[in-house]
Amino acid sequence: MPSDPALVLHQWLSPAFPVGAFSYSHGLETVVVQGLVHDRDTACDWIGTALQHGAGQADAILLAAAWRGEADAIPGLTALALALSPSRERRAETLQTGTALAATITALTGHDLPEAPYPVVLGRAARLCELPVDLTLKLFLQAFVANLASAAVRLVPLGQTDGQRITQTLSSAIPALAEGAMHGDTDRIGTAAIALDLASMSHETLTTRLFQS
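In the annotation of an unreviewed UniProt entry, the protein is listed under the name Urease accessory protein UreF and assigned to Primorskyibacter flagellatus. What UniProt records for the protein under Sequence similarities (unreviewed entry) is the sentence "Belongs to the UreF family." The record in UniProt for the protein states the following under Subcellular location (unreviewed entry): "Cytoplasm".

If you want it as C-alpha cells, here you go:
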C-alpha cells in the first residue's frame, strides 16, 4: 500500500473502488421525477443541502467519531448511523456500501474491519491505517458531493461540465464542514433536511427507477 495518505484515500474514495456508490442517488431521483430539480442551479442547491444540513455533515461527524474511538465504540456508532437513516433505502445504502468498503480494505490491508455503515467503516479504516482524520474528512466530503453530482448528470440530465461546476462550487464549503466535524462529538449531530428525507422515503414508490435510493 502506498505510504502517501492522500494516495491511499484517493484510491478508497475513487468511483472505481468497488462499493457501488454510483448506484445510489440519495433521493435525488425522486425530486428529478417531481420536477423540483431540473437544472444545474437546482441540483447544486439540493446537493448543497445534503452536504451541509443532511447526511454529509452527519456522516462526517460519525467518521471522526469512529476514527477517534476504540473498537468497542463501533457498535454504538453503527446503531446511531442506522437510526439517522431516514428510510429503508438509505439504511440499505449506508450498510451495503459500508460492508463492501470493509471487505475490500480488509483484503488490501489485512486489517479486520467491521460490517458497519459507510462512514463508520471509513473512519475506523483510516485510524487503523494511520491516515490523518482531517484529510480523510475533506476527501470523504468531496467524494460525497462528486457522487451526487454524477447522479445529477445522469438524471436531470446535465452536461459533464455542469457536473464539475457543481462539485467546484460546493467544495468551498468542505474545509469548514471538515473542521466542524473533527471533534467527532456525536451529540452535535443535527440535520435540517426534511425534504431530502421525504424524497428518500418516496423513492421506492417510483414506477421506474435507475438508482437504488
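On we go from here.
A. View of the nonpolar core. By size, the foremost hydrophobic cluster in this structure holds 71 residues, and its most contacted members are Trp-12, Leu-28 and Leu-137. In terms of residue count, helix 8 (residues 133-155) provides more of this core than any other element does, 13 residues in total. Not counting the four nearest positions on each side in its chain, Leu-28 is found in contact with Val-37, Trp-46, Leu-148, Ala-151, Ala-152 and Leu-155.

B. A look at helix 7 (residues 118-128). The buried count for helix 7 comes to 9 of 11 residues, which makes it a mostly enclosed element. Looking at helix 7, one finds that the buried residues are Tyr-118, Pro-119, Val-120, Val-121, Leu-122, Gly-123, Arg-124, Ala-125 and Ala-126. Buried-residue contacts for helix 7 involve helix 1 (5-12), helix 4 (55-68), helix 5 (74-83), helix 6 (88-109) and helix 8.

C. View of a nonpolar patch on the surface. A surface patch of nonpolar side chains, about 310 Å² in accessible area, is lined by Ile-194, Leu-198 and Met-201. In this structure Met-201 comes out as partly exposed when scored by relative accessible area, which is 41%.

D. The arrangement of the layout of surface pockets in detail. There is about 780 Å³ of room inside the largest pocket. Forming the walls of the largest pocket are 34 residues, and the residues nearest its centre are Leu-13, Ala-21, Ala-143, Phe-144 and Asn-147. Within the residue set of the lining of the largest pocket, elements represented by two or more residues are helix 1, helix 4, helix 6, helix 7, helix 8 and helix 9 (160-171). A total of 11 residues in the lining of the largest pocket trace back to one element, the largest contributor, which is helix 8. Partitioned by chemical class, the residues of the lining of the largest pocket number 19 nonpolar, 12 polar and 3 charged. Roughly 260 Å³ of volume is contained in the second largest pocket. Taken together, 19 residues make up the lining of the second largest pocket; nearest its centre are Ala-55, Leu-84, Ser-85, Pro-86 and Arg-90. Mapped by element, the contributors of at least two residues to the lining of the second largest pocket are helix 4, helix 6 and helix 11 (194-202). Here the lining of the second largest pocket gets 4 residues from one element, more than from any other, and that element is helix 4.

Criteria and thresholds
In this convention, every chain numbers its residues from 1, walking through the sequence in written order. It should be noted that, the model being predicted, local features are given only for residues of pLDDT at least 70 and side-chain atom pairs only at 80 or more, the latter also being counted only at that level, while totals for whole chains, interfaces and linings use all residues. Calculated side-chain values reflect all of the structure's heavy atoms, with hydrogen atoms and water omitted. UniProt positions are given in the numbering used here, feature names are shortened, and annotations may be inferred rather than shown by experiment. As used in this record, nonpolar core signifies buried Ala, Val, Leu, Ile, Met, Phe, Trp, Tyr and Cys residues forming a set joined through side-chain atoms within 4.5 Å. Only protein chains enter the calculation, and the probe is 1.4 Å; a residue is then buried if its accessible area is under 20% of its type maximum, exposed if over 50%, and partly exposed in between. Strands are runs of DSSP state E lasting at least 2 residues, helices are runs of H or I lasting at least 4, and numbering of each runs from the N terminus. Should any heavy atoms of two residues lie within 4.5 Å, those residues are considered in contact. Surface patches are defined over residues having more than 30% relative accessible area and no salt bridge, joining like charges when they lie within 9 Å and nonpolar side chains (Val, Leu, Ile, Met, Phe, Trp, Tyr) when within 5 Å. Accessible surface is estimated by sampling points in the Shrake-Rupley manner with a 1.4 Å probe; for residues, cover comes only from the protein chains shown. Between Lys or Arg on one side and Asp or Glu on the other, a salt bridge is scored when a side-chain nitrogen of the former is within 4 Å of a carboxyl oxygen of the latter. Think of a 1 Å grid over just the protein atoms. A cavity is a set of points where a 1.4 Å probe fits yet cannot get out, a pocket is an open set with protein on both sides within 12 Å along at least five of seven lines, and lining residues have an atom within 4 Å of a point. Grid points are joined across faces, edges and corners, and a volume is the space filled by probe spheres set on the points. Polar here means any residue outside two lists: the nonpolar Ala, Val, Leu, Ile, Met, Phe, Trp, Tyr, Cys and Pro, and the charged Asp, Glu, Lys and Arg; Gly therefore counts as polar.

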